[in-house]
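Results of the structural survey
Letter by letter, the chains look like this.
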Amino acid sequence: MTIASILTAFIAFSSRYTSIHAFSSNYSPLTASKSSFRPNSALNSFFGNSKHESIGQQSQLSPIPKGISPFEKSLSKNIDIQGDFRKRAKGAIDAAIANDVKLLEIEFPPLLGGSQSKSQFDDFDNIQELDKNKDWTMLLAPMFLGDKDFQKGKTWLVFPDLKECELAKKEWAGQRYQEATFTTIEAVTNFLGQANSGNNNSEEGVSYDAPWGSSLMSGLSQILGGKDGDAGLLGDKSVLDPIVPGENSPAKLWFLIQPGNGGPVEDWVNCEKMHNIQKEPTMVIVNGALDKVRGGFYPAVFFPKLAATIDRFYNKFESIFYLKPFSDKNVYGWLYRVYPEPWQVVWENVKPGKDGSPEVEYVVVATLDKKPSYSDTIGMLMKASQSNK
């Protein structure tokens, strides 16, 4: 093995920590502006192409959170937007669990709010996203401790890799945070696969799907560790909490923190394996970019394993807290949902304020039973904008 091959593997495996998300120049089907692309039938699939009809304004709709508009930067820097998101998500998770919904999706802009608030138009890297999603979920998990079903390690924090798990355990050392089980996608998949290996009814392929280059990095870490063992290039394995059947396993609730998004596609493949082996826990994927998975962003010819998961797994997820910005053709708005409510298409009516600064009015222009397509959403926003002129 040459030094060059090792370095190449390291660069590929480390892409989760180095990818840059510059919305002003990079392609993003969820938030793309007029200058970046124009919608077409392929892109519509990111938001589903099924027919939908407005079901009219609902008196009990959750109002859209304040301070989320890129025109409200001063407000967003001075309010706890993410805390508001967590409260809404907690209620939605409770409602879904009460209805025995097992596969849940949460999507929201993790960088909004606080002194370093960033909207979809700002540049940010994947490290910032990972850190914010990690911290957001660390603060969400203790909100379930009032129910004994979620205590004593029955809530699992499932990180995309060992380094993120290590950081979280060190940064969130308080007892209320340590009440959860800290683990990784790899550790859970391997544990469940081994525990289920003697089951004659077990499915094939329950072993962990490792990202390309990970075995090289693991080997290099062992070599550098010498007689002392693993050098910890991929993280400190001692931070993983033991998984003990009859104690903290099976879990009641799995929080999967940003799997796949900005990292290896194998994360998404392994999520399905986890659920297929152990269906009892409620799986909550936090900012896992499932629209990209379902919408064909990863061509089946190059990613056949991932493509095979879509119909049998990812199309079954319920969007329980979903907040996505739209900006195209000089209109701004949001697609919003809090389970079990319908979908809301919300237009930003931006007008001059008394002091000359922009003033934003959020207008619900449609409520729908099904998630609308990209082009339908933009069309509704454009119609609202044109009717206001």
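Residues numbered from 1 in each chain as written. Predicted model: local features only at pLDDT ≥ 70, side-chain atom pairs only at ≥ 80, totals over all residues. Heavy atoms only, no water.

Focus: the sheet that holds strand β11 (residues 358–368)
We count it as follows: Strand pairing is defined by DSSP finding a minimum of two bridges between the two strands. Numbering of helices and strands runs from the N terminus, with a helix taken as a DSSP run of H or I at least four residues long and a strand as a DSSP run of E at least two residues long. Working convention: axes come from line fits to C-alpha atoms, limited for helices to the stretch in contact. Angles between N-to-C directions cover 0 to 180 degrees. Only heavy atoms matter for contacts: two residues are in contact if any of them lie within 4.5 Å across the pair.
Read across the open sheet, the 9 strands follow the order β5-β4-β6-β7-β2-β8-β9-β10-β11; overall the sheet is mixed. The sheet is open, and its two borders are formed by β5 (181–184) and β11, each paired with just one other strand. On average, adjacent strands in this sheet sit at an angle of 20 degrees to one another, irrespective of strand direction. Sheet topology places strand β4 (residues 155–159) next to strand β6 (residues 253–257); 4 bridges connect them, and they run parallel. Residue pairing for β6: valine 158 is matched across the bridge by leucine 256. Across the sheet, helix α8 (residues 185–195) is in contact with β4, β5 and β6; its angle to β5 comes to roughly 90 degrees.

Points about the packing of aromatic side chains
Under the convention used in this document: Only the six-membered ring of Trp is used, alongside the rings of Phe and Tyr, when aromatic pairs are assigned; centres must lie within 6.5 Å, and planes under 30 degrees apart are stacked while those over 60 apart are edge-to-face, with the rest tilted. Burial status follows relative accessibility: with a 1.4 Å probe on protein chains alone, a residue under 20% of its type maximum counts as buried, one over 50% as exposed, and anything between as partly exposed.
Scanning all chains against the criterion turns up 20 aromatic pairs. Judged by centre distance (5.4 Å) and plane angle (65 degrees), the ring pair of phenylalanine 144 and phenylalanine 150 falls under edge-to-face. For phenylalanine 144, a relative accessible area of 3% gives the class buried. Residue classification places phenylalanine 150 among the buried positions, given a relative accessible area of 5%. Ring centres of tyrosine 298 and phenylalanine 303 lie 5.3 Å apart, and the angle between their planes is 85 degrees; this geometry places the pair in the edge-to-face category. Its relative accessible area of 17% is what places tyrosine 298 among the buried residues.

Side note on the pattern of salt bridges
What counts here: Salt-bridge detection follows one rule: a side-chain nitrogen of Lys or Arg within 4 Å of a carboxyl oxygen of Asp or Glu.
Applying the stated criterion to the full structure yields 18 salt bridges. Notably, a salt bridge pairs lysine 371 with aspartate 291, separated by 2.6 Å at the nearest N-O pair. Within this pair, whereas lysine 371 is found in the loop between β11 and α13 (374–387), its partner aspartate 291 is found in helix α11 (residues 290–294), the two being separated by 80 residues in sequence. Through salt bridges with shared partners, a single network forms among Glu105, Asp291, Arg294 and Lys371.

A closer look at the environment of phenylalanine 255
Note on placement: phenylalanine 255 falls in strand β6. Distance in space between the C-alpha atoms of phenylalanine 255 and alanine 141 is 8.1 Å, their sequence separation being 114 residues. Not counting the four nearest positions on each side in its chain, phenylalanine 255 is found in contact with Ile93, Thr137, Leu140, Ala141, Phe144, Thr155, Trp156, Leu157, Val158, Val284 and Val286.

A few points about the side chain of glutamate 107
Note the following rule: We call two N or O atoms a polar contact when they sit within 3.5 Å, provided that within protein one can donate a hydrogen and the other can accept it, with sequence-adjacent residues counted only if both atoms are side-chain atoms.
As for its position among the elements, glutamate 107 is in strand β2 (residues 103–107). What makes glutamate 107 buried here is its relative accessible area of 4%. Within the structure, glutamate 107 has its side chain in polar contact with the backbone nitrogen of glycine 288 (distance 3.1 Å). Apart from the residues within four sequence positions on either side, glutamate 107 is in contact with Asn287, Gly288, Ala289, Leu290, Phe321, Tyr322, Leu323 and Lys324.

Focus on helix α6 (residues 162–171)
Structural remark: α-helix, 3.6 residues per turn; residues separated by three or four positions point the same way. Turning to α6, its buried residues are Leu162, Glu164, Cys165, Glu166, Ala168 and Lys169. Two or three places before lysine 163, at the opening of α6, aspartate 161 has a side-chain oxygen 3.3 Å from that residue's backbone nitrogen.

Overview of unusual backbone geometry
The residue after serine 249, namely proline 250, is reached through a cis peptide bond having omega 0 degrees. Within the secondary structure, proline 250 sits in the loop between α9 (214–225) and β6. Residue tyrosine 339 is joined to proline 340 through a cis peptide bond whose omega torsion reads 5 degrees. Take proline 340: it is sitting in the loop between β9 (331–338) and β10 (343–352). Backbone geometry places aspartate 100, a non-glycine residue, at a positive phi of 60 degrees. Here aspartate 100 shows up in the loop between α4 (81–98) and β2. At asparagine 330, a residue that is not glycine, the phi angle is positive and equals roughly 65 degrees. Tracing the backbone through its elements, the reader meets asparagine 330 in the loop between β8 (318–328) and β9. On the basis of relative accessibility, which here comes to 63%, the residue asparagine 330 falls in the exposed class.

Topic: the packing of α4 against helix α5 (residues 126–140)
A pair of packed helices is characterised by two quantities: the angle between their axes and the separation of those axes. Basically, it comes down to this: Reported orientations rely on four angle classes, namely roughly parallel under 35 degrees, roughly antiparallel over 145, roughly perpendicular from 65 to 115, and oblique for the rest. The hand of a helix crossing depends on one turn: near helix anticlockwise from the far one by less than a right angle means left-handed, and clockwise means right-handed. Classification used: nonpolar for Ala, Val, Leu, Ile, Met, Phe, Trp, Tyr, Cys and Pro, charged for Asp, Glu, Lys and Arg, polar for all others including Gly.
Two numbers describe how α4 lies on α5: the axes approach to 10 Å, and their chain directions differ by 55 degrees. The pairing of α4 with α5 is recorded here as oblique in orientation. The interaxial crossing formed by α4 with α5 has right-handed handedness. From α4, Gln82, Phe85, Arg86, Ala89, Lys90 and Ile93 reach across to α5, where they touch Trp136, Leu139 and Leu140. By residue class, the composition of the contact of α4 with α5 is 6 nonpolar, 1 polar and 2 charged.

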